[in-house]
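# Structural characterization, general
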Amino acid sequence: MNKKIYKEPIKEEMETTINVIYEMEKLCVYTNKVNLQKQLNKLLGEPTKEYKIKRSITGSMWEILFKDKTKISRLILKANIFEL
């Protein structure tokens, strides 16, 4: 397994978005927060897409189908999305 290198974003540019796409029946979760990317990687598995600059990961996106209720519940219950 290759060690992933994450690029820390500028504090003002940190973001996490969760889009609900009803027509395609899926959730799209995007974040550029390094700690959250690592946590979601453990909880949800490999991201659907990783955004990179050279070899560093600058953001990750996961697509979760509505029927995959275990991943959705892990996302809501265990992921520290709001950093509480």
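First, a word on scope: everything that follows refers to the structure included in this document. Position numbers for residues start from 1 in each chain and track the written sequence from start to end. In view of the model being predicted, local features appear only for residues whose pLDDT reaches at least 70, and side-chain atom pairs are presented and counted only at 80 or more, with totals across whole chains, interfaces and linings using the full set of residues. The basis for the side-chain values is all heavy atoms of the structure; hydrogens and waters are excluded.

## Here we look at the overall build of the protein
As a reminder of what qualifies: Runs of H or I in DSSP of at least four residues are treated as helices and runs of E of at least two as strands, each being numbered from the N terminus. Each radius of gyration is computed over the set of C-alpha atoms, and the globule rule expresses the reference value as 2.2 Å times the number of residues to the power 0.38. Between two residues, a contact is recorded if the distance between any of their heavy atoms is within 4.5 Å. Per-residue and other accessible areas were derived by the Shrake-Rupley procedure at a 1.4 Å probe size, with only the shown protein chains allowed to occlude residues. The charge count treats Lys and Arg as positive and Asp and Glu as negative. His and the chain ends do not count. Every charge is mapped onto a representative atom, which is NZ of Lys, CZ of Arg, CG of Asp or CD of Glu.
If you tally the helices and strands in the protein, you get 2 helices and 4 strands. A compact globule built from 84 residues should have a C-alpha radius of gyration of about 12 Å, and the protein, at 13 Å, falls within 12% of that. Judged by the C-alpha coordinates and their principal axes, the protein covers about 35 × 30 × 25 Å. In the protein, once contacts between residues fewer than 6 apart in sequence are set aside, the share between residues at least 24 apart is 52%. As displayed, the protein offers around 6,300 Å² of accessible surface, 53% of which is attributable to carbon and sulfur atoms. If you average the places of the 17 positive and of the 11 negative side-chain charges in the protein, the two averages end up 7 Å apart.

## Notes on the sheet that holds strand β2 (residues 26–31)
Defined as follows: At least two bridges found by DSSP between two strands are what make those strands a pair. Axes, fitted as lines to C-alpha atoms, cover a helix only where it is in contact. Angles between the N-to-C directions of the axes lie from 0 to 180 degrees.
Pairing is antiparallel in the open sheet, where 4 strands are placed in the order β1-β2-β4-β3. What marks the edges here is a single partner per strand, and that holds for β1 (16–21) and β3 (49–53). For this sheet, the mean inter-axis angle between neighbouring strands, taken without regard to orientation, is 15 degrees. Note: β2 against strand β4 (residues 56–65), 6 bridges, orientation antiparallel. Note on β4: the bridge partner recorded for T31 is S60. Each of β1, β2 and β4 touches helix α1 (residues 34–44); the most contacted strand, β4, lies at about 40 degrees to it. Sitting on the sheet, helix α2 (residues 69–77) is in contact with β2 and β4, with an inclination near 130 degrees to β4.

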